[in-house]
Amino acid sequence: DDESVAAAVSEGNEFFQRKDFSRACASFGIAYEIGRHHYVYRPLLHDLLLRRILCHSLLGNFDAALQEIDKAFWLIPHQATAHV
């Protein structure tokens with residue numbers, strides 16, 4: 001539901017600000033998993049994947065980041081931010 005997704009995103013943002021990228025990535029992942037079962041609004045899900053891509057990259061987990069990029073392309077194939 002909306003509140004659960006918002007809470008997970010807020011928690012992820014807080015972890016990200018503290019540079020706890022592993023926990024931020026996990027929180028954004030929770031928000032994504034809840035959201036994908038309840039939303040058809042792909043830009044929100046795409047944004048959550050981009051946040052996870054950034055966290056994985058900052059952690060040096062480039063293979064995981066590439067897997068998330070594939071998901072982002074699948075959600076919105078022509079979105080320019082997935083190409084970055």
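Residues numbered from 1 in each chain as written. Predicted model: local features only at pLDDT ≥ 70, side-chain atom pairs only at ≥ 80, totals over all residues. Heavy atoms only, no water.

Trainee: Before we move on, can you summarise the overall build of the chain with the specific residues and values?
Mentor: When you go through the chain residue by residue, the secondary structure sums to four helices and zero strands. The N-to-C order of helical and strand elements in the chain reads α-α-α-α. When the 84 residues of the chain are sorted by exposure, 35% land in the buried category. When contacts within the chain are restricted to residue pairs at least 6 apart in sequence, long-range pairs at least 24 apart make up 51% of them. (Helix = DSSP H or I, 4+ residues; strand = E, 2+ residues; numbered from the N terminus. Buried < 20%, exposed > 50% of the residue type's maximum accessible area, 1.4 Å probe, protein only. Contact = heavy atoms within 4.5 Å.)

Trainee: Before we move on, can you summarise the pattern of salt bridges with the specific residues and values?
Mentor: Evaluated as defined, the whole model comprises six salt bridges. Here R36 and E33 are joined by a salt bridge, their closest N and O atoms 2.7 Å apart. With R36 and E33 both in helix α2 (residues 21-38), this residue pair falls three residues apart, about one helical turn. Among the residues examined, R36 registers a relative accessible area of 43% and is labelled partly exposed. Judged by its relative accessible area of 33%, E33 is partly exposed. For E68, the salt bridge goes to K71, with nearest N and O atoms at 3.8 Å. Taken together, the residues span about one helical turn, with E68 and K71 both in helix α4 (residues 62-75) at a distance of three residues. (Salt bridge = Lys/Arg side-chain N within 4 Å of Asp/Glu carboxyl O.)

Trainee: Lay out the side chain of R52 with the relevant residues and their values.
Mentor: Here R52 lies in helix α3 (residues 42-59). Among the residues examined, R52 registers a relative accessible area of 15% and is labelled buried. Residues within four places of R52 in sequence aside, it is in contact with C25, A26, F28, G29 and E68.

Trainee: Just give me the short version of the packing of helix α1 (residues 2-17) against α2, but keep the residues and values in it.
Mentor: As a packed pair, α1 and α2 sit with axes 8 Å apart at the nearest point and diverge in direction by 165°. Classified by the interaxial angle, the pair formed by α1 and α2 is roughly antiparallel. The hand of the α1/α2 crossing is left-handed. In this structure, α1 contributes S4, V5, A8, V9, E11, G12, N13, F15 and F16 to the contact, and α2 contributes F21, R23, A24, S27, F28, I30, A31, I34 and G35. Within the contact of α1 with α2, the residues separate by chemical class into 11 nonpolar, five polar and two charged. (Axes fitted to C-alpha atoms, helices over the stretch in contact; angles between N-to-C directions. Parallel < 35°, antiparallel > 145°, perpendicular 65-115°, else oblique. Left-handed = near helix turned anticlockwise from the far one by under 90°. Nonpolar A, V, L, I, M, F, W, Y, C, P; charged D, E, K, R; others polar.)

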